[in-house]
Amino acid sequence: MSTFTDQTGKEITLKSPPERIISLVPSQTEFLYDLGLEDEVIGITKFCTNPEVWFRTKKRIGGTKDLKINTIKSLGPDLIIANKEENLKQQVQALESFCPVWTSDVSNTEDAFDMMLSLGEILCRKERAQEIVSHIRFSFQKLSGNGIHSNPQFGFLRPARSKFKTAYLIWKDPYMTAGGDTFINDMMELCGFQNLYARHKRYPITTPQELREAGCNLLLLSSEPFPFKAKQADELQHQLPFTKIILVNGEMFSWYGSRMQYAPLYFRNLLQDIAHNPLEAAAI
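First things first, this report covers the structure right here in the doc. On a predicted model such as this, the values are computed, not experimentally measured, just so you know.

Rules of the game
- Residues numbered from 1 in each chain as written.
- Predicted model: local features only at pLDDT ≥ 70, side-chain atom pairs only at ≥ 80, totals over all residues.
- Heavy atoms only, no water.
- Pairing = 2+ DSSP bridges.
- Helix = DSSP H or I, 4+ residues; strand = E, 2+ residues; numbered from the N terminus.
- Contact = heavy atoms within 4.5 Å.
- Axes fitted to C-alpha atoms, helices over the stretch in contact; angles between N-to-C directions.
- Phe/Tyr/Trp six-rings, centres within 6.5 Å; stacked < 30°, edge-to-face > 60°.
- Buried < 20%, exposed > 50% of the residue type's maximum accessible area, 1.4 Å probe, protein only.
- Lys NZ or Arg CZ within 6 Å of the ring centre and 35° of its normal.

1. What about the sheet that holds strand β3 (residues 21-23)?
Note: strands within a sheet are paired through backbone hydrogen bonds, in either parallel or antiparallel orientation.
Here's step 1: Spatially, β5-β4-β3-β8-β9 is the arrangement adopted by the 5 strands of the open sheet, whose pairing is parallel. With one partner strand each, in any of the chains shown, β5 (59-60) and β9 (101-104) form the two edges of the open sheet.
Here's step 2: Bridging between strand β4 (residues 41-44) and β5 involves 2 bridges; their strand directions are parallel. Note on β5: the bridge partner recorded for I44 is R60.
Here's step 3: Contacting β8 (79-83) and β9, helix α4 (residues 89-96) runs over the sheet at an angle of about 150 degrees to β9.
Here's step 4: Here helix α5 (residues 109-122) sits on the sheet in contact with β8 and β9, set at roughly 160 degrees to β9.

2. A few points about the packing of aromatic side chains
Here's step 1: Per the stated rule, a full pass over the model turns up 8 aromatic pairs.
Here's step 2: When the ring of W171 is compared with that of F226, the centres are 5.8 Å apart and the planes differ by 75 degrees; the resulting orientation is edge-to-face. Highlighted residues: W171 in strand β12 (residues 165-171) and F226 in the loop between β16 (218-222) and α9 (230-239), separated in sequence by 55 residues.
Here's step 3: Assessed through its relative accessible area of 34%, W171 is described here as partly exposed.
Here's step 4: Taken together, a centroid distance of 4.9 Å and an interplanar angle of 50 degrees make the contact between F253 and F267 tilted. Separated by 14 residues along the polypeptide, F253 in helix α10 (residues 250-254) and F267 in helix α11 (residues 263-276) bring together distant segments of the chain. Just as F253 is buried, F267 falls in that class too.
Here's step 5: Each residue in the set F140, Y168, F253, Y266 and F267 is aromatic and connected to the rest through ring pairs, giving one cluster.
Here's step 6: Just above the ring of W54 sits the side chain of K58; from NZ or CZ to the centre is 5.0 Å.
Here's step 7: A cation over a ring is seen here: R60 above F55, with NZ or CZ 3.6 Å from the ring centre.

Honestly, that's just the spatial picture; any functional story needs more than this.
Put into structure tokens, the structure is as follows:
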């Protein structure tokens, strides 16, 4: 019997290594796949589209905020993996009545690394988790905009801050952006972007007029949770004629698991596009 503390400070006790796992978060589901837990993971959400083979074959237990509690219970899990932001507190509490629930709480890259290393230990995949984290750290060390500065807090070098005053939209009607206490903000910093909303918490509402008055030079439109397309980019471009607007892959900015392995190359290409086309709207 072993006791573990999750990222919310809650302790869970496991009688033995988990053999029937349910994941409630897409980015963490992908990480479990990369840990090699093919047989152990028995249920995922309808938004856990990666890996595709799991999306096609694993039992779907509802959405991240619309879980099918009875379905989950019927599967007889011995561990459920949740996230403080993605999953609703009352639903997590309902799950805790019949199964241990390990909950992550990720606001920056170090939290993401801690999540991966902690799950690696719990799931008897410690070495594989360490390999993934080490690879991510090494990949980010090579990401260097126009220069780099060292920040020991993050364990790797960060790009020098760019001149672009940036906002990152995650939603429309109303427009919502990423504040300073989010994982997205931390990934923006890794690109060197100056987040206009870094002093705000969570996901503040904004407007094109507010963005214009704040001198927004660069506007990133995410592919999720709202799927911004060229149509929305064109609409905003008419209202923000002096702002560079780019459609970006939201998974690269918001997935805090093993997907981080692919973010540095994506960010490098994004920064090169901005450097080569500073005044043109573009889609990445």
